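# Breakdown of the fold
The lines below spell out each chain.
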Amino acid sequence: MYENKKIFIMGLAKSGFYVAKLIASHSKSNEIIATDLTDIDETSKEIFNNLNIKFIKSDSQIDLLDDSFDVLIKNPGILPSNEVIKKAESLGIDIVNEMEVAYHYLPKNITIIGVTGSNGKTTTTTIIYEILKRMGKSVVLGGNIGFPLSQVADTVHENDILLLEISDHQLLNFKDFKTNISVLTNVCPTHLDYHGSYEKYMWTKSKIFNLHTKDDLAVINELNNDSLTITENIPSKKLYFNGKNAYIKDNGLYVIDKLIIKCNEIMLKGIHNYENILAALLVINEFGIDIKIVKEFLKTFAGVEHRIEFVRDLNGVKYYNDSKSTNPTATITALKTFDEPIHLILGGLERYQDFNELNGYVKKTKCIYAIGEVSDRIKEYADKINVKCIKCYKLSVAIEKIRENITKGDVVLLSPASASQDQYKKFEDRGNEFKILVAKL
């Protein structure tokens, strides 16, 4: 597939670095030009030099691209409207991402599981991975969960299970990539600044079922209408959680009409977590579910970092890090988890998210602490619905203000309903800062 090609890699980070290394390691016949706005470290330069990969630091990448290139490999974070991407389209250059490229280096006789969704995909992916491992399955984890597929592709062997968390940014440039089992946890409006419209975002999410046939499996949320809409005409075999195939009944989780575990035995709490577990169990069931192993795991699994993550109980006040909530729907899930009065830290990157979606769910909120680019807009929103709000702009200021207002029995919740890139490189950095600040109280 990638032989005798001239390849333009736009944007490095982990995905760009590893895809360049993967291609060059498999063939010396390609000419690879890797570009980024910032420089790379000396170790990476040495690796590139040894593999005959040319790196160019440039803030004018459009001038480096011409019709001599066959392929442009795009960092998933780069907007489709980027001028370099538009130029590549006009020149007829094939535009892909590292996951699409890495797919072509995988063994043929494997099972690929892909998990996507607006919310819940990391938790669902983690549950699938941990239980399959405990069941003795040979499973390789990668994708949006931290390990680019191009980084792990050469570790996948015949008969392995390859489990991937896949974002909409990655799905956008899929062509040949295909899973055997795809999970769609839910679909709600988010990343609209990236896609331009909700319709385009929904269409992109539907690509998790790319090239599916009747022999492939789709796991779908029956209570999410938009998920039902975009899967109506796919040819896959369909199984539904929150529906006829996996459901909550009499305080228990059932899969194909079999009780798997009682809700009060599960360490994770909240309907959203039970839904993620149901989706995961439908996948695991395809490999012969071991109920004993499932129970042992779910009794001790405390969840993923930055997702309603308990941080500290200080003088009767509980602090939770939900930095992974980058849209209002995710924040609603967090708000529904608590019965205690909430001090809510809200805000971040301006993506024109509709905070009105929070109406009805902020009734237990004692105060909103607005941070980030959207601070002014959050204050206007809070004033309109008569909820106390303090403009803080910075997370550190929010923590200081919260200390002045909390009382025993309250919950402090960082659940921003916003992406983090106005002040942080990624949401993990925001969550880690929150945890550091709370630890110092």
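Read on for an overview of the structure. (Residues numbered from 1 in each chain as written. Predicted model: local features only at pLDDT ≥ 70, side-chain atom pairs only at ≥ 80, totals over all residues. Heavy atoms only, no water.)

### A look at the sheet that holds strand E15 (residues 309-314)
The strand order across the open sheet formed by six strands is E15-E16-E20-E17-E18-E19, and the pairing between neighbours is mixed. Two strands bound the open sheet, and with one partner strand each, they are E15 and strand E19 (389-393). When strand polarity is set aside, the average angle formed by the axes of neighbouring strands in this sheet is 20°. Direction of pairing for strand E16 (residues 317-321) relative to strand E20 (residues 411-414): parallel, over a ladder of four bridges. From the neighbouring strand, Asn 321 faces E20, where its bridge partner is Leu 414. Contacts from helix H13 (residues 328-335) reach strand E17 (342-346), strand E18 (365-371) and E20, with the element oriented near 165° to E17. (Pairing = 2+ DSSP bridges. Helix = DSSP H or I, 4+ residues; strand = E, 2+ residues; numbered from the N terminus. Axes fitted to C-alpha atoms, helices over the stretch in contact; angles between N-to-C directions. Contact = heavy atoms within 4.5 Å.)

### Examining the sheet that holds strand E1 (residues 6-10)
Pairing in this open sheet of five strands is parallel, and the strands run E3-E2-E1-E4-E5 from one edge to the other. One side of each edge strand has no neighbouring strand; the edge strands of this open sheet are strand E3 (53-57) and strand E5 (94-96). Sheet twist, expressed as the average angle between the axes of neighbouring strands with direction ignored, equals 20°. Of the strand pairs in this sheet, E1 and strand E2 (residues 31-36) are connected by five bridges, and their pairing is parallel. Residue pairing in the sheet places Ile 7 in a bridge with Ile 32 of E2. Against the sheet, helix H3 (residues 83-90) engages E1, strand E4 (71-74) and E5, with an angle of about 155° to E4.

### Some points on the pattern of salt bridges
Counted under the stated rule, the structure contains 19 salt bridges. Close ionic contact of Asp 39 with Lys 45 constitutes a salt bridge, the shortest N to O distance being 3.2 Å. Here Asp 376 ties to Lys 391 by a salt bridge, and the two come within 3.2 Å at their closest N and O atoms. Taken together, the residues Asp 376 in helix H14 (residues 375-384) and Lys 391 in strand E19 connect sequence positions 15 residues apart. Asp 376 sits in the partly exposed class, given a relative accessible area of 38%. (Salt bridge = Lys/Arg side-chain N within 4 Å of Asp/Glu carboxyl O. Buried < 20%, exposed > 50% of the residue type's maximum accessible area, 1.4 Å probe, protein only.)

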